[in-house]
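Each chain is listed here by its residues.
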Amino acid sequence: MVSQSSGLYDGIILGAGHNSLVLQAYLGKAGPKILCLEPRDVAGGALTTIEDPRHPGFLHNTHSFFHRGLNQMPWYRDLELERHGAVYLEPEFNVALILKSGEVLEWWKSFEKTAESFACFSLRDAKALRQWRERFLPIVERILIPESQSPPIPLDRRRALLEKCAEGRLLLEVSALSSLEFVQKEFEHPVVQAALLFFNGLREVDLRCKGLGHHIPSLLASDRKAQMCRGGSAGLARALVAAVQESGGEIELQAKPRRILVENGRVSGVEIDSGDVFRARRFVASGLNPQQTFLNLLDETWVPREWREKAQNFRYNLIAPLFTLNLNLSEPPDYRAAANHPRLKDAFMVILGLERFEQFPEIVRCHGAGTIPPTVMWGSCPTQFDPSQAPPRKHTAFMWEKLPYHLHGSPAHWSDEKEPHGQTMLELWTEYAPNMRESVLDWFVRTPLDTERTFPNMREGDLLVGAFMHGQIGYHRPFPGAGHYRGHLPGLYLCGSSCHPGGNIAGLAGYNSAQVVLADLHLPAPWAPPPAEASLQRI
Ligand SMILES: Cc1cc2nc3c(=O)[nH]c(=O)nc-3n(C[C@H](O)[C@H](O)[C@H](O)COP(=O)(O)OP(=O)(O)OC[C@H]3O[C@@H](n4cnc5c(N)ncnc54)[C@H](O)[C@@H]3O)c2cc1C
């Protein structure tokens, strides 16, 4: 294919995930003309809501659904996403862990109600919950939130600053532990321990990993609860696209980048698979993973060996990716446990199959061995909160389970195993909600391999786009030397979830990279918070 010039821009962004769109909207507001290139036929990355092709009107959020504290994000406010159509719902009864016995551990927006529920299991644990929340409130507000919303600072410098104040010293002390050690040390009841590990551990952070022990008390102190976007997760994507377009930005769909062009040692544009070339006067920013950016898209001669090796070694899936079961229903799940807990019908996120703390080592062992552990799953019935996601009087629901990508040694095994496993999940769900025997109209599953095929940046289906582990967090995410959103070549930037503070629908990688790119372009960013270093110095 002969290359042909298709346009001249100030900057080009690769991949239209939400981080890229956040970056593009901020840059566009500051003046530069920016193009985003996206291989799919829709922008927003894993902000996906699809209509079931076999059943019109049934919408499914096949990737992200629970968006934590989304409407408290600074970019949500700055980019006026409500004016652009986004509406967020945050159900009061936020999370329910339903036990086989019919008992329910409840997690409410109100801390008092949550503590009341924990006290039904252990008075001592309810007290510990309150103590850790109080101890961590200032740490979350004054350290962790400012750090997540600014480019990270070098680790030595960070430690030195933290050691100067009491909150910082407590944070360092607790972070030295793993989540597992923290929970075992501070809480006694096996159900409480399991719930706490689940809330952060099973979903995001490897519970065995030392250095991440602060995640659980941070969660206890955070007011950011699970939320959903009305109309489906794609509603947020549509609002972001509207913000980008209002700022003069362009998004080219069905445009797969083939090469990042380099001239005179500086990035100068992008060639896509059709052969079209888009020129970038000032920068190219990649919302992709390090292997895609440094190994696939850049000619080898432009990438120093050290960078190639670090990109090659960027790791995924320290904890397993997600398998999802998606249902069309004639009525919402009616949990047996609701007989004694009538409020259960209002629960937003429901966890099933988790009974006690000791299940975790077995789950982790199975993930390591590439086998399917006894099911622990969580999900929701979105239409109970937003009827627009199904035809009148009908419902959709889903459950997720962490399952290995390399099933029995290869992801290819998923093609035979996916339907039987979906059936297993459905049977378990029906044990808790017997009305599902009659109410399921149809269902489908998606495997970690499907995730990777849809979003190749989520290598091996890794929804965080790179594991949270030493050498891959903070100033070292994605790897030492690349932790400040700048690549090794002038004009090359990173903005996706492989950067600090990492994956999930938080948009902060895009938000932080906008601060770096605008500073390098000598353009104002009046919305930018004080640098992390200044925030830590002020404590
Ligand atoms: C099943 C599942 C459930 C999830 N649930 C939640 C949840 O409830 N809450 C939550 O917060 N997070 C959830 N996540 C994680 C979250 O969706 C991701 O962490 C987040 O979407 C990453 O955002 P991003 O902006 O970095 O990129 P992405 O959303 O991954 O978007 C990347 C974009 O780049 C494009 N792309 C890929 N390869 C190329 C290429 N070679 N060239 C150009 N473009 C390319 C893709 O098409 C995509 O549009 C879930 C993920 C999955 C898979």
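Owing to the predicted nature of the structure, the values given are computational and were not obtained by experimental measurement. (Residues numbered from 1 in each chain as written. Predicted model: local features only at pLDDT ≥ 70, side-chain atom pairs only at ≥ 80, totals over all residues. Heavy atoms only, no water.)

Draft legend 1. Representation of the site of the ligand in the model. Close to the ligand lie 30 residues; E38, F66, L463, S497 and N504 are nearest. N19 has a polar backbone atom sitting 3.0 Å from an oxygen atom of the ligand. When the ligand is considered free in solution it has 1,000 Å² of accessible area, and contact with the protein chains removes 96% of it. A class-by-class count of the residues in the shell around the ligand yields 13 nonpolar, 15 polar and two charged. (Near = heavy atom within 4 Å. Polar contact = N/O pair within 3.5 Å; in protein donor to acceptor, adjacent residues only side chain to side chain. Areas by Shrake-Rupley, 256 points an atom, 1.4 Å probe, with all protein chains shown as cover. Nonpolar A, V, L, I, M, F, W, Y, C, P; charged D, E, K, R; others polar.)

Draft legend 2. Summary view of the packing of helix 5 (residues 155-162) against helix 6 (residues 166-175). At their nearest, the axes of helix 5 and helix 6 sit 7 Å apart, and the two run at 125° to each other. The angle between helix 5 and helix 6 falls in the class oblique. Judged by residue contacts, R158, R159 and L162 of helix 5 engage G168, R169, L171 and L172 from helix 6. Of the residues belonging to the contact of helix 5 with helix 6, the class tally is three nonpolar, one polar and three charged. (Axes fitted to C-alpha atoms, helices over the stretch in contact; angles between N-to-C directions. Helix = DSSP H or I, 4+ residues; strand = E, 2+ residues; numbered from the N terminus. Parallel < 35°, antiparallel > 145°, perpendicular 65-115°, else oblique. Contact = heavy atoms within 4.5 Å.)

Draft legend 3. Focus on the pairing of strand 2 (residues 34-37). Side chains I34 and C36 project from strand 2 onto one buried face, and the interleaved L35 and L37 project onto a second face that is buried too. Bridging between strand 2 and strand 9 (residues 250-252) involves three bridges; their strand directions are parallel. When the sheet's bridge partners are listed, L37 is paired in strand 9 with E252. (Buried < 20%, exposed > 50% of the residue type's maximum accessible area, 1.4 Å probe, protein only. Pairing = 2+ DSSP bridges.)

Draft legend 4. Highlighting the environment of S148. By secondary structure assignment, the location of S148 is in helix 4 (residues 123-148). Taking the relative accessible area as the measure of exposure, S148 reaches 14% and is therefore buried.

Draft legend 5. Representation of helix 1 (residues 18-30). Helix length check: helix 1, at 13 residues, gives a terminal C-alpha distance of 19 Å against a target of 18 Å (1.5 Å per residue), a fit within 8%. Where burial is concerned, most of helix 1 is hidden: eleven out of the 13 residues are buried. Buried within helix 1 are the following residues: H18, N19, S20, L21, V22, L23, Q24, A25, Y26, L27 and G28. A positive phi of about 125° marks G31, the residue just after helix 1. (Expected span 1.5 Å × (residues − 1).)

Draft legend 6. Expanded view of the pairing of strand 17 (residues 440-446). For strand 17, the buried fraction is high: five of the seven residues fall into the buried class. Judged from the six bridges that link them, strand 13 (residues 322-329) and strand 17 form a sheet pairing that is antiparallel. Residue pairing in the sheet places L329 in a bridge with V440 of strand 17.

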